[in-house]
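Okay, here's what each chain looks like letter by letter:
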Amino acid sequence: MQNIAVLVSGNGSNLQALLDARAQGKIPGGRIALVISSRPGAYALSRAEQAGVPTQVVNPDDYESRLEFDEALCEMLQDFQIDLVVLAGFMYILGPAMLQAYPNRILNVHPSLIPAFCGDGFYGLRVHQAVLEAGVPETGATVHLVNEVTDGGPILLQKKVAVHPGDTPETLQRRVLEEAEWVLLPQATQQLCEQLEHRQ
Ligand code: GRF
């Protein structure tokens, strides 16, 4: 059984999808052992508390450098004996300490079909805005392993989502969450738990 930490910064609807999937027996290979928010007061923290999952806040404003923030995250994950990390709307790029401590053990969900509409500056509604400006008929979501390239690690799962006439960034964001992100993230998490089980 792998110990999973979910890192969040905001609403936490992807965290909710993981908590629900776990409660429904869809992530038999892991338990959600810790939720870390970069923002005190993030709604994601209430979701975790409601599900009885321990929470911590690691706020980048409390550290002098990104390096120290990264090391604090690492230390906390190790205190909780975390095996794998899921970035679910976490607004910060991880540094070398995290990548070295958790090689091929960090998942991220991105709301587009990587390599389209990803990389530096493509986050939140900006991704969906860019999709609409480009006029493409479909978009989607991607779950990938995290390495030193932003949104550039090996892809685990992708799912397409149609763009509808009249979509706004908000309506498109919602459809991508519902049809793709909330489906893929629990699946990829279980997949990685199984792989880690076999590596041990
Ligand atoms: C999601 O679209 C995710 O792909 C992106 O940030 C958003 C977070 O939403 N990285 P939530 O906090 O899980 O509701």
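Relevant structure appears above.
Residues numbered from 1 in each chain as written. Predicted model: local features only at pLDDT ≥ 70, side-chain atom pairs only at ≥ 80, totals over all residues. Heavy atoms only, no water.

I'd like a description of the packing of helix α1 (residues 13-23) against helix α2 (residues 43-50), backed by residues and values.
At a minimum axis separation of 9 Å, α1 and α2 run at an interaxial angle of 15°. Compared by their axis directions, α1 and α2 come out roughly parallel. The handedness of the crossing between α1 and α2 is right-handed. Each of S13, L15, Q16 and L19 in α1 lies in contact with α2, whose residues at this interface are A44, R47 and A48. Among the residues forming the contact of α1 with α2, the class breakdown is 4 nonpolar, 2 polar and 1 charged. (Axes fitted to C-alpha atoms, helices over the stretch in contact; angles between N-to-C directions. Helix = DSSP H or I, 4+ residues; strand = E, 2+ residues; numbered from the N terminus. Parallel < 35°, antiparallel > 145°, perpendicular 65-115°, else oblique. Left-handed = near helix turned anticlockwise from the far one by under 90°. Contact = heavy atoms within 4.5 Å. Nonpolar A, V, L, I, M, F, W, Y, C, P; charged D, E, K, R; others polar.)

Explain the site of the ligand residue by residue, including any values.
Looking at the ligand, the residues that line it are N11, G12, S13, N14, G89, V109, P111, L177 and E181. A distance of 2.8 Å separates an oxygen atom of the ligand from a polar atom in the backbone of G12. In the model, an oxygen atom of the ligand is placed 2.8 Å from a nitrogen or oxygen of the N14 main chain. Relative to its free-state accessible area of 370 Å², the ligand is covered by the protein chains to the extent of 85%. With respect to the detected pockets, the ligand is housed in the largest pocket. Mapped by element, the contributors of at least two residues to the shell around the ligand are α1 and α6 (169-199). Residue classes in the shell around the ligand are distributed as 3 nonpolar, 5 polar and 1 charged. (Near = heavy atom within 4 Å. Polar contact = N/O pair within 3.5 Å; in protein donor to acceptor, adjacent residues only side chain to side chain. Areas by Shrake-Rupley, 256 points an atom, 1.4 Å probe, with all protein chains shown as cover. 1 Å grid on protein atoms, 1.4 Å probe; cavity = no way out; pocket = protein on both sides within 12 Å on 5 of 7 lines; lining within 4 Å. Sits in = over half its atoms within 2 Å of the grid points.)

How would you summarise the pairing of strand β4 (residues 84-87) if you had to cite specific residues and measurements?
Of the two faces of β4, the one holding L84 and V86 and the one holding V85 and L87 are both buried throughout. The sheet contact formed by strand β1 (residues 2-8) and β4 spans 4 bridges and is parallel. Bridge pairing in β4 links L7 to L87. Direction of pairing for β4 relative to strand β5 (residues 106-110): parallel, over a ladder of 3 bridges. What sits directly across from L87, in β5, is N108. (Buried < 20%, exposed > 50% of the residue type's maximum accessible area, 1.4 Å probe, protein only. Pairing = 2+ DSSP bridges.)

So what's going on with the side chain of D70? Which residues, and what values?
In this structure, D70 sits in helix α3 (residues 66-79). Although D70 is buried, it forms no salt bridge, and the closest oppositely charged side chain is R66 at an N-O distance of 8.4 Å. Side-chain polar atoms of D70 contact the backbone nitrogen of G95, separated by 2.9 Å. Ignoring sequence-local partners within four residues, the contact set of D70 consists of L94, G95, P96, A97 and M98. (Lys, Arg positive; Asp, Glu negative; His and termini not counted. Salt bridge = Lys/Arg side-chain N within 4 Å of Asp/Glu carboxyl O.)

So, the layout of surface pockets: which residues are in play, and what are the values?
Volume-wise, the largest pocket comes out at about 880 Å³. Taken together, 38 residues line the largest pocket, and the ones lying closest to its centre are G89, F90, M91, V109 and Y123. Mapped onto the lining of the largest pocket, the elements with two or more residues apiece are α1, β5 and α6. Residue contributions to the lining of the largest pocket peak at 4 residues, all from α6. Along the lines of polarity and charge, the residues of the lining of the largest pocket split into 16 nonpolar, 17 polar and 5 charged. Considered as a void within the structure, the second largest pocket measures approximately 150 Å³ in volume. Those elements giving two or more residues to the lining of the second largest pocket turn out to be α1 and α6. Here the lining of the second largest pocket gets 4 residues from one element, more than from any other, and that element is α6. Its residues assigned to classes, the lining of the second largest pocket comprises 5 nonpolar, 2 polar and 2 charged. (Points joined across faces, edges and corners; volume = space filled by probe spheres on them.)

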